[in-house]
Amino acid sequence: MASPPSASTVFLLLLLAFTNSSVNAATFTITNNCSFTMWPAAVPVGGGTQLNPGQTWTLDVPAGTNGGRIWGRTGCSFNGNGSSGHCDTGDCAGELSCRGPGTPPTTEAEYTIGSSGAQEDFYDISIIDGYNLAMDFSCSTGKALKCRQQSCADAVLFPDDPIHACRGNSNYQVTFCP
């Protein structure tokens, strides 16, 4: 008969479970509701991918991620292995997996995920760099933002415009062409 685990073993297992649960502070589900293929991009976490109509892409974003952006690219064409190409809007140096911001115009979902244990995250839709796709951006515990035309009340137009707060460790939904 096996002996029960020691107190130090139980403590270590609890510590590992807590550490693993706080590593991914937020999950982003990105959905293409457009009638055409589009290529969402995300920095500093995610890079980019191709999404056909109706497909989703899920990103796990770690605590402490600052200045995150998600935007849609349109009219893209990449070589067979995706290492080089071009997009009509939102292009990021011809890369499928972006490492920097996209070329305007881009409708952007912007976010900052608080550090582990933080009470709040911050998010907004920005059209400071222009508008290229309709977008909804929501937090599971905050306001649902909608930007479905070039001038939309929920979007940030200037760097000092207000942003929205969401309880830390929330889930987010970005929908293109809602």
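Because the structure is a prediction, the values reported are computed rather than measured.

Visitor: Explain the overall build of the protein to me, and be specific about the residues and the numbers.
Guide: Counting its secondary structure elements, the protein contains one helix and 14 strands. Sorting the 178 residues of the protein into buried and exposed places 42% on the buried side. Sequence-distant contacts, at least 24 apart, represent 61% of the contacts inside the protein between residues at least 6 apart. With an accessible surface of roughly 9000 Å², the protein has 55% of that area assigned to carbon and sulfur atoms.

Visitor: Describe in detail the pattern of salt bridges, supporting the description with residues and values.
Guide: Summed over the entire model, instances satisfying the criterion amount to five salt bridges. Taking the shortest distance from any N to any O, the salt bridge between K146 and D136 comes out at 3.9 Å. Here the residue K146 occupies a position in strand β11 (residues 145-147), and D136 occupies one in strand β10 (residues 135-139), the gap between them amounting to ten residues. The exposure class assigned to K146 is partly exposed, which follows from its relative accessible area of 39%. Residue classification places D136 among the buried positions, given a relative accessible area of 14%. The salt bridge partner of D154 is K143, with a shortest N-O separation of 3.3 Å. Of this pair, D154 sits in the loop between β11 and β12 (155-156) while K143 sits in the loop between β10 and β11, and the two are eleven residues apart along the sequence. One salt-bridge network, in which partners are shared between bridges, spans D136, K146 and R148.

Visitor: A description of the pairing of strand β2 (residues 39-43) should follow, citing residues and the corresponding values.
Guide: The element β2 is extensively covered by neighbouring structure, given that five of its five residues are classed as buried. Bridge analysis of β2 against strand β5 (residues 68-73) gives five bridges, and the strand direction is antiparallel. Across the sheet, A41 pairs through a bridge with W71, a residue of β5. Here β2 runs beside strand β3 (residues 47-48); their pairing, made up of two bridges, is antiparallel. Bridge pairing links A41 to G48 in β3. Connecting β2 to the antiparallel partner β3 that follows it, the hairpin turn spans three residues, and G46 within it adopts a positive phi of roughly 120 degrees.

Calculation criteria
Along each chain, residue indices are assigned from 1 in the same order as the chain's sequence is written. For this predicted model, a pLDDT threshold of at least 70 governs which residues receive local features, and a threshold of 80 or more governs which side-chain atom pairs are given and counted, while totals over whole chains, interfaces and linings are taken from all residues. Calculation of side-chain values draws on the structure's entire complement of heavy atoms; hydrogens and water are dropped beforehand. A run of H or I in DSSP becomes a helix once it reaches four residues, and a run of E becomes a strand once it reaches two; helices and strands are each numbered from the N terminus. The cut-offs for exposure are 20% and 50% of the maximum accessible area for each residue type, with area from a 1.4 Å probe on protein chains only; residues under the lower value are buried, those over the upper are exposed, and the others partly exposed. Note on definitions: a residue-residue contact is assigned when non-hydrogen atoms from the two residues lie within 4.5 Å. Accessible surface is estimated by sampling points in the Shrake-Rupley manner with a 1.4 Å probe; for residues, cover comes only from the protein chains shown. Salt bridge, as applied in this entry: a Lys or Arg side-chain nitrogen positioned within 4 Å of an Asp or Glu carboxyl oxygen. When DSSP finds at least two bridges between two strands, those strands are taken to pair.

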